[in-house]
Amino acid sequence: MLHIALAAPVSPTVVAFHRGAKQWSALIPNFRRSRGIGSSVFSSSLRKRLQLRFFASGENGGNGGVLEEISEAEKEPTNFAWPDNKKPRVCILGGGFGGLYTALRLESLEWPDDKKPQIVLVDQSERFVFKPMLYELLSGEVDEWEIAPRFSDLLANTSVQFFKDRVKVLNPSDHWGMNGSKASSCGGTVHLESGLLIEYDWLVLALGAEAKLDVVPGAIEFAIPFSTLEDARKVNDKLTKLERKTFGTDFQISVAVVGCGYSGVELAATLAERLQNRGIVRAINVETMICPNAPPGNREVALKVLSSRKVELLLGYFVRCIRRLSDLESSDPLTGVDENSTEVVPDFEKYILELQPAERGMQSKIIEADLVLWTVGTKPPLPQLEPSDEPFVIPLNARGQAETDETLRVKGHPRIFALGDSSALRDSNGRILPATAQQADFTGWNLWAAINGRPLLPFRFQNLGEMMTLGRNDAAISPSFIDGLTLEGSIGHTARKIAYLIRLPTDEHRLKVGISWLTKSAIDSVSSLQSTLYKVLSGS
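Residues numbered from 1 in each chain as written. Predicted model: local features only at pLDDT ≥ 70, side-chain atom pairs only at ≥ 80, totals over all residues. Heavy atoms only, no water.

The chain has the name demethylphylloquinone reductase in an unreviewed UniProt entry, where Glycine soja is given as its organism. Reading the Catalytic activity (unreviewed entry) entry of the UniProt record for the chain gives the comment "demethylphylloquinone + NADPH + H(+) = demethylphylloquinol + NADP(+)". (UniProt positions renumbered as here; feature names shortened; annotations may be inferred.)

The following block contains the structure:
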């Protein structure tokens, strides 16, 4: 959930990131295989000749893992002046659930006067986004300020300093040497895009993940992911324009949702309720069932709601490619295109999705859509590295996540904590645990313990149940404390909103949002009562 984008300077030479000594030898003259590509990347001798920067793409996209050669003539960064150099300095990268909640947890703990840390929070956006409620922006149930408050407002009564910025260079200096001793008592430095250089004692990596669109041709160009506030705005704007353009006509707005996990199902149910008889929603999934990892009760409720709203489920199919219809007009006609979707709205593009069956015995399909939404797969923004003869600056797994121990510290780095989608935190069986806000509480506590010389606590995941929204008055909740219980309909909807109201970041924001929701609920109740009375009195 937490993302970090690393941006390029003005005049560098960009080269692709490769793995192995051969590629490094081509990139760096006189590079020897025996040196590896780990901590030697940041050695002082190498930095004299060139500087290597790792880039990660953020919520709004980015470059992925690349290396960049930077000229020595580049402008020197400005050192950030901490208010008190004698107190611990904590730098948190990423302002989503993991980063923001860790900062607030640190603020809430009791500290000795000389040990209370100074905290800097860095995020590329000026707003914290409560992502589980992005769907309510499409249904009009919530206002943007309620689920996307500004960091400046949330942190106004704290000592946390917030920087709206992006990271260029991460240079940790706390990695363990081959003999087990620490290389430096200081944690390292973070170089921001603005030119600010922050030296820290403790670092928190809360970098999140971003949508993975590069697996299918045409997805990057024509599909819209749904994981950020900007994504929700884009989807809402396009839907609003389509609705206005087709108002009063018989045109059916066609929406294709790729993926039927929680996000895809919640999105399909919300859009089908919004469009009603003015459009059709198709949900595509490579699995033969929706939400395969969800509790059976949640899956059954979701299927019932999707069926009642006439959402067309295309299960057992994967998208082979996405193309723009206008690009195919001069070529041979396509066969198998949906015959009910031939009308084109002026000034709006239509897209073609080629579907390939995942199993034998099924026919390929070609469908049209006015809007393509992508909910399949994510990728961490950290660059991927492979093992070498020397320890890594940051050890990563095959998915690009930082490997951590059970206390949420990055392996080999006693001064770096990682959590959320950026962390590969494993259980006793080696399975990666779900990324939840629970990790922020443990990270905050363990930072307190590390700074005060106390033992760190191992993280223990608690399954509190699963929730999903299915529209303005529908939801499904399967709490973990009552086996087999599923709350649905208006009861589930109300319970979900209360649960999320409690999880909003600050007491002040919870109060404002709670009053807003109660006011809206009262207005809706009065409106419903007036409508009912009118029908009774008019005899309709």
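Caption draft 1: Fine view of the overall build of the chain. A count of helices and strands for the chain gives 13 helices and 26 strands. Looking at the chain residue by residue over its 540 residues, the buried ones come to 51%. Counting only contacts in the chain whose residues sit at least 6 apart along the sequence, the fraction spanning at least 24 positions is 69%. Accessible surface for the chain amounts to roughly 26000 Å². Of this, 51% is attributable to carbon and sulfur atoms. (Helix = DSSP H or I, 4+ residues; strand = E, 2+ residues; numbered from the N terminus. Buried < 20%, exposed > 50% of the residue type's maximum accessible area, 1.4 Å probe, protein only. Contact = heavy atoms within 4.5 Å. Areas by Shrake-Rupley, 256 points an atom, 1.4 Å probe, with all protein chains shown as cover.)

Caption draft 2: Examining helix α3 (residues 97-108) more closely. Between its first and last C-alpha, α3 extends 16 Å over twelve residues, near the 16 Å set by a 1.5 Å rise per residue. Burial analysis of α3 places ten of its twelve residues in the buried class, the great majority of the element. Buried residues along α3 sit against β4 (89-93), β5 (118-123), α6 (151-154), β10 (202-205), α11 (438-451) and α12 (489-503). (Expected span 1.5 Å × (residues − 1).)

Caption draft 3: Here's a closer look at the nonpolar core. Ranked by size, the top nonpolar core spans 82 residues in total, and within it L100, F130, V255, V265, V281, L373 and L470 carry the most contacts. Element by element, the count of residues in this core is highest for helix α9 (residues 262-275), at seven residues. Split by domain, this core shows at least three residues from each of two domains, domain 1 (78-209 + 380-452) and domain 2 (224-327 + 347-377). (Core = buried A, V, L, I, M, F, W, Y, C linked by side-chain atoms within 4.5 Å. Domains from an automatic or database assignment.)

Caption draft 4: Just the confidence of the model for the chain, in detail. For the chain, mean pLDDT is 81; residues scoring 70 or higher make up 78% of the total. In this model, residues 1-73 is a region of pLDDT below 50 whose contacts with residues beyond four sequence positions or in other chains number 176 contacts. For residues 383-391, every residue scores under 50 in pLDDT, and the model assigns this stretch 32 contacts once sequence neighbours within four places are set aside. (pLDDT = per-residue confidence, 0-100.)

Caption draft 5: Focus on unusual backbone geometry. In this structure, Q276 takes a positive phi of about 50° despite not being glycine. You can see Q276 is positioned in the loop between α9 and β14 (279-285). Positioned with a positive phi, K310 is a non-glycine residue whose angle comes to about 60°. You can see K310 is positioned in the loop between α10 (296-308) and β15 (312-315). K310 sits in the exposed class, given a relative accessible area of 66%.

Caption draft 6: Highlighting the packing of α12 against helix α13 (residues 507-538). The geometry of α12 relative to α13 is characterised by a closest axis approach of 9 Å and an angle of 155° between their N-to-C directions. In terms of orientation, α12 lies roughly antiparallel with respect to α13. Crossing of α12 against α13: the hand is right-handed. Each of K497, L501 and I502 in α12 lies in contact with α13, whose residues at this interface are R510, V513, G514 and W517. Per-class residue counts for the contact of α12 with α13 are four nonpolar, one polar and two charged. (Axes fitted to C-alpha atoms, helices over the stretch in contact; angles between N-to-C directions. Parallel < 35°, antiparallel > 145°, perpendicular 65-115°, else oblique. Left-handed = near helix turned anticlockwise from the far one by under 90°. Nonpolar A, V, L, I, M, F, W, Y, C, P; charged D, E, K, R; others polar.)

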